[in-house]
Amino acid sequence: MGWAVAVAVLLSASPAFVTRGDVTPEADLRREAQAAWGSLEAQYAAQAGGLPTRAPATVTLQKGTALPPERNAQGRPGVVELRQNTPGVLDARTRTALRHELAHQLLWWACPASSEDRLFHEAFALTVSGELPAWRDGPYQSLSRAAKEVASAPAVDTPRARRGLARILGEHTGFPAALTRRLRQCHDGTRWAAPLTVEELADVAVLAPEAATVVVSRHSGEVLLAEGDVRRAVPYGSTLKPFLYAAGTVLAPDSNAPPLLPPRPGVQEWACGAGLPPKVDARLALLRSCNGWFLDWEATGRAPKAFGVWGPVLSAVGLTGLPSDMTEAIGLRSAHGLSPWGMAQAYRLLAEARPDVLALLTGNVDEGTLSGLSTSKALKGVATKTGTVRDAASRPQFGWIAAVDADLVAVIVRPGKMPRHFVDELPALLARVRRQAGLDAARVQVLGLLPSSTVEARCSGAGFSLDDGTPRTAPPDFSRLDALTSKGPAVCLGSPWRVRFPEGPDGGRDYAGVFTWSTPPPYRPPPGVPTTPSALKARRGSDFVFRTTRVQYTAGVVAAEDVTLQGEARVALARVAAHNERHAATRHPGRAICDTTHCQAFRGTVRIRPEEPRALQLPPLKWDAWLTFSQGGSTPWREARSRARVEALLGTNLVSLRFESGRVRYLRTEGTPSAPYEDARSLPCDTLRASLQLPSCPQRASFDGPQVLFEGQGRGHGEGLDVEAAKASPGLSSDALLERAFGARDPRPPTP
């Protein structure tokens, strides 16, 4: 066909492509070259910020006469040599090779300063030519091994070196930041001071490792301590392996359980401690963090993909992308990242959903990655998981420790250190956070006076319902709380639950904690004790049990009882509220305390005031019994109730009513008209007060025809701590206020 020239018209900066007739069909080859150049040019301009103003030189496309067997193409400025195995056929291999060599041609034109930087040239060509997925296929290659392969072939002109380079390029998602920085240098005319390095390409400098520490409450989910940039996503190493384990052991039949796998001697990924048994199970693989076991598990075809049922959880708390294979999932290839805050939230849900996995992780200090250290004994009973992120030279770039105890989830990230080198920080960290009072769990039956079907909840963070250990994403809008808790706890990550119900406050109430469904046993009132329908509901309890921290619960009670309370009076009431939460058995045997006046009011979690932590830092109260309190005060009141309503409660033919020692004592006429007699009876005064909805236990009562007039002062049942009186005693400490209220009470529980 002779010499032929095609002038490209797709882009103004496209070169003229010349063919010589030895690669056919020529027209198709030129069209392929023009289309490839347009794509490459667009990618370059997007990253560099523009294109040169000069036109590119002519590029000759010809058949290679001396190509090495492993090469499908090669080039020099202005010339691309191609291998064509079948004349007249431009197969996929030839097209890919053409795009790769045209990437070099584009750099020689647009970035001549980089001409001698072979690593930069090859990294750019692999990135933009579309061939990275093909190079990534094959056995897993560690980052350090990939770096060695590239270093052994500085020209990056062997298949092993290119496979290693592809591994390094896959270390992060998107266009490599190191290449973007270098391309901008080209466009800005900056001097090419030094060639690109493997470490720079692996993005070590961009990550700028920083220390970060975060501790959250297992119960309320609130952040108790945060140091450093805890919201910044960084590679996570091995710390997400427990989620793979959890995903692979979700109540699966034995046939689908993680397998027993034999170690493979001499394989780097199986170098996870001496003395491995002939067959390694999932438990030991998790404790030893055996990468080889997880890779071989994937090879069986039975391992969960993209973290299985836990993938949506990790995505919801900020995982930057789901892994495409096991090497990404277990952190051997750092394609994705997660922030320390997100890690802590994920482990909080894991602890709620899979206590068996957390129990397994407590063995890490005995036989896992944190065993044999002086700190190991101090972490007995704490579930831990470590992770190490390495750079291209196998140096530790990040060390991770995730730890969970009965109340706290802690995540520590340290740059340049392995977890064993900073684990001694963990016991001190947990002790430091525990200096905050009231971080242990408090449980309360809530919303029992409402039909359960009318209560709705919404999580503005990431809400999940647990279905027998499996997390299910909660609807983003308000939905029925009974449905959310029907198969397990409901957990809101990153924010409190917002709860609403008919005739409740506009916008609902905040509940920072965990909801569960727990039907109480039937309630049978004592014989002869009048009980209203509302009182029956309160004494039955609730189907919803809410768990939060004791300080959050205490603050909620104080706010519900008297939001204006402050100072020592608030401390006194807070101490009583916290004390009573531990003595719920006198109100609901075997059950949590309730949130009605039958126990003590609680209307959700609120902002904690300084008095509540101070109250919980003081010694426990000496009285081993339920302690009563009321609004109290001295404001007089006078209210009338119909005689029929009073007699419906106390019985007909009332003769007199008087009040003393917390009881109502009354006489009723019994017998026959010819032989009448008076029968004396009594009830707790609070029963009458609650049933007749009186402000407090009356002091006097008189009969006025069809009505009964009651008189009294203050509010509440009038027993125990008088809150209004406490307010009016600014000079007294909480100890003095409580001694005045309960000092005469026997500190010992009553004898059965």
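Trainee: So what exactly am I meant to see when it comes to the pattern of salt bridges here?
Mentor: Pairing is possible between side chains of opposite charge, provided their charged atoms come close. For the structure shown, the criterion picks out 40 salt bridges. Linking Asp296 and Arg264 is a salt bridge whose minimum nitrogen-to-oxygen distance equals 2.8 Å. Of this pair, Asp296 sits in helix α12 (residues 291-299) while Arg264 sits in the loop between α10 (241-248) and α11 (282-288), and the two are 32 residues apart along the sequence. Assessed through its relative accessible area of 16%, Asp296 is described here as buried. One salt bridge connects Asp325 with Arg333, and the closest N-O pair in it is separated by 3.7 Å. Overlapping salt bridges, with partners in common, bring together Asp440, Arg550, Glu581 and Arg582 in one network.

Trainee: How should I be thinking about the packing of helix α2 (residues 92-110) against helix α3 (residues 118-128) in this particular structure?
Mentor: Axis separation between α2 and α3 bottoms out at 8 Å; the angle between their running directions is 130 degrees. By the angle between their axes, α2 is oblique relative to α3. Classified by chirality, the crossing of α3 by α2 is right-handed. Contacts between α2 and α3 pair His100, Ala103, His104, Leu106, Leu107 and Trp108 from the former with Phe120, His121, Glu122, Phe124, Ala125, Leu126 and Val128 from the latter. Partitioned by chemical class, the residues of the contact of α2 with α3 number nine nonpolar, three polar and one charged.

Trainee: Where do I start with the environment of Glu227 in this structure?
Mentor: Relative to the elements of secondary structure, Glu227 occurs in strand β7 (residues 223-227). Here the alpha-carbon distance between Glu227 and Arg167, two residues 60 residues apart in the chain, equals 33 Å. Sequence-distant contacts of Glu227, that is, excluding residues within four places in its chain, are made with Ala211, Ala212, Thr213 and Arg432. Within the local environment of Glu227, its side chain forms a polar contact with the side chain of Arg432, the two groups lying 2.5 Å apart.

Trainee: Please clarify how the sheet that holds strand β12 (residues 456-459) should be interpreted in this entry.
Mentor: Strand pairing in a sheet takes place through backbone hydrogen bonds and is either antiparallel or parallel in direction. Strand order in the open sheet formed by four strands is β15-β12-β17-β18, and the pairing between neighbours is antiparallel. The strands lining the two open edges of the sheet, one partner per strand, are β15 (479-480) and β18 (509-511). Pairing analysis gives four bridges linking β12 to strand β17 (residues 497-500), with the strands arranged antiparallel. Paired with Cys459 across the two strands is Trp497, which belongs to β17.

Trainee: I would appreciate a short explanation of the nonpolar core in the present structure.
Mentor: Nonpolar side chains tend toward joint burial in soluble globular proteins. Membership of the largest hydrophobic core comes to 66 residues, with the highest contact counts inside it found for Trp293, Phe307 and Trp310. The dominant element in this core, judged by the number of residues it contributes, is helix α15 (residues 340-353), at nine residues. Residues in contact with Phe307, not counting those within four places in the same chain, are Tyr236, Leu240, Phe243, Leu244, Ala247, Leu314, Leu319, Pro323 and Ala329. Core analysis: the next-biggest nonpolar cluster, separate from the first, contains 53 residues, Val23, Ala97, Ala103 and Ala166 among them.

Trainee: Looking at this structure, I do not really get the sheet that holds strand β25 (residues 663-672). What am I missing?
Mentor: Taken together, the three strands give an open sheet; going across it, the order is β24-β25-β26, and neighbouring strands pair in antiparallel fashion. The two strands at the open ends of the sheet, each matched to only one other strand, are β24 (654-660) and β26 (675-684). Strand-to-strand twist of the sheet, defined as the mean angle between neighbouring strand axes without regard to direction, takes the value 20 degrees. Relative to β26, β25 is paired through ten bridges, and the arrangement is antiparallel. Residue pairing in the sheet places Thr669 in a bridge with Glu678 of β26. Against the sheet, helix α24 (residues 643-650) contacts β24, β25 and β26, and its axis sits at roughly 75 degrees relative to β24. Lying on the sheet, helix α25 (residues 685-692) is in contact with β24, β25 and β26; it crosses β26 at an angle near 85 degrees.

Trainee: Looking at this model, I keep getting lost on the state of the cysteines. Mind explaining?
Mentor: Put plainly, a disulfide is one covalent bond tying together the sulfur atoms of two cysteines. Applying the stated criterion across every chain, the model contains five disulfides. Note on cysteine connectivity: Cys272 is disulfide-linked to Cys290, with sulfurs 2.0 Å apart. Around the S-S axis, the bridge from Cys272 to Cys290 shows a dihedral of about 95 degrees and counts as right-handed. Linking Cys272 in the loop between α10 and α11 with Cys290 in the loop between α11 and α12, this pair joins segments that are 18 residues apart in sequence. The partner cysteine of Cys459 in its disulfide is Cys492, sulfur to sulfur 2.0 Å. Because the torsion about its S-S bond is 75 degrees, the bridge between Cys459 and Cys492 counts as right-handed. Within this pair, whereas Cys459 is found in strand β12, its partner Cys492 is found in strand β16 (residues 490-493), the two being separated by 33 residues in sequence.

Trainee: What am I meant to see in the packing of aromatic side chains here?
Mentor: Applying the stated criterion across every chain, the model contains 17 aromatic pairs. Relative to Phe515, the ring of Tyr511 lies with its centre 5.5 Å away and its plane at 50 degrees, an arrangement referred to as tilted. By relative accessible area, which is 0% here, Tyr511 ends up buried. Geometrically, the ring pair formed by Phe515 and Phe546 is tilted, given 4.9 Å between the ring centres and 45 degrees between the ring planes. Pair noted here: Phe515 is in strand β19 (residues 514-517) and Phe546 is in strand β20 (residues 544-549), with a separation of 31 residues, a long-range link. Each member of the pair Phe515 and Phe546 is classed as buried. One aromatic cluster is present, built from ring pairs that chain together Tyr511, Phe515, Phe546, Tyr553 and Phe602. Above the plane of the ring of Trp192 lies Arg182, whose end atom (NZ or CZ) is 4.8 Å from the centre. Above the plane of the ring of Phe478 lies Arg500, whose end atom (NZ or CZ) is 4.0 Å from the centre.

Trainee: I keep staring at the pairing of strand β14 (residues 470-473) and nothing clicks. Help me out?
Mentor: Remark: a regular strand shows side chains that alternate across the two faces of the sheet. Both strand β13 (residues 462-467) and β14 contribute to a ladder of four bridges, which runs antiparallel. Bridged to Ser465 within β14 is Arg472. Where β13 hands over to β14, the hairpin turn is made up of two residues, of which Asp468 adopts a positive phi near 55 degrees.

About the cut-offs
- Residues numbered from 1 in each chain as written.
- Predicted model: local features only at pLDDT ≥ 70, side-chain atom pairs only at ≥ 80, totals over all residues.
- Heavy atoms only, no water.
- Salt bridge = Lys/Arg side-chain N within 4 Å of Asp/Glu carboxyl O.
- Helix = DSSP H or I, 4+ residues; strand = E, 2+ residues; numbered from the N terminus.
- Buried < 20%, exposed > 50% of the residue type's maximum accessible area, 1.4 Å probe, protein only.
- Axes fitted to C-alpha atoms, helices over the stretch in contact; angles between N-to-C directions.
- Parallel < 35°, antiparallel > 145°, perpendicular 65-115°, else oblique.
- Left-handed = near helix turned anticlockwise from the far one by under 90°.
- Contact = heavy atoms within 4.5 Å.
- Nonpolar A, V, L, I, M, F, W, Y, C, P; charged D, E, K, R; others polar.
- Polar contact = N/O pair within 3.5 Å; in protein donor to acceptor, adjacent residues only side chain to side chain.
- Pairing = 2+ DSSP bridges.
- Core = buried A, V, L, I, M, F, W, Y, C linked by side-chain atoms within 4.5 Å.
- Disulfide = S-S within 2.5 Å.
- Phe/Tyr/Trp six-rings, centres within 6.5 Å; stacked < 30°, edge-to-face > 60°.
- Lys NZ or Arg CZ within 6 Å of the ring centre and 35° of its normal.

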